[in-house]
Amino acid sequence: MPCDTASRPRTPSKVTLVLGGIALVIGLLVALVGLFLALRPVLGVYAEALNDPMGNDARAVGTSDPLADGKQVAHSMIPGLAIMAVGVVVSIAGSVMLKVGLIRRLARAQALKSR
């Protein structure tokens, strides 16, 4: 006897739980990618500072010291921060959806027990 789960309609709490979980995971992944993109210029500055602390290589080539321009690093972090902000918003929405779904499921279980 086959199980006929396809004909049963999904309850709103199940859909909310699934969508909330998916949104939470996707939001966290997007936020982590944004964080990596935002920190990449800072890590580059530290790597340059460790490789050439006095900036001798840059002066020998005739270019400016890459460690001297902090505003350039700050401006290059902005796109990563924007991506991270979008991920945080999506993960917060997913977290709220997940909590609402769990609360509805618990309330329905208690209502069925009290009958």
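Residues numbered from 1 in each chain as written. Predicted model: local features only at pLDDT ≥ 70, side-chain atom pairs only at ≥ 80, totals over all residues. Heavy atoms only, no water.

1. Quick word on the side chain of Ser 91
- Counting through the fold element by element, Ser 91 comes out in helix α3 (residues 70-114).
- By relative accessible area, which is 9% here, Ser 91 ends up buried.
- In this structure the side chain of Ser 91 is engaged in a polar contact, spanning 2.9 Å, whose partner is the backbone oxygen of Val 88.
- In this structure, Ser 91 is in contact with Ala 23, Leu 24, Gly 27 and Leu 28, ignoring residues within four places of it in sequence. (Helix = DSSP H or I, 4+ residues; strand = E, 2+ residues; numbered from the N terminus. Buried < 20%, exposed > 50% of the residue type's maximum accessible area, 1.4 Å probe, protein only. Polar contact = N/O pair within 3.5 Å; in protein donor to acceptor, adjacent residues only side chain to side chain. Contact = heavy atoms within 4.5 Å.)

2. As for a nonpolar patch on the surface
- Taken together, the side chains of Val 25, Leu 29, Leu 32, Leu 35, Leu 39 and Leu 43 present a nonpolar region at the surface, about 550 Å² in accessible area.
- For Leu 39, the location among the structural elements is in helix α1 (residues 12-51). (Patch = residues over 30% accessible without salt bridge, like charges linked within 9 Å, V, L, I, M, F, W, Y side chains within 5 Å. Areas by Shrake-Rupley, 256 points an atom, 1.4 Å probe, with all protein chains shown as cover. Salt bridge = Lys/Arg side-chain N within 4 Å of Asp/Glu carboxyl O.)

Geometry only, nothing functional implied.
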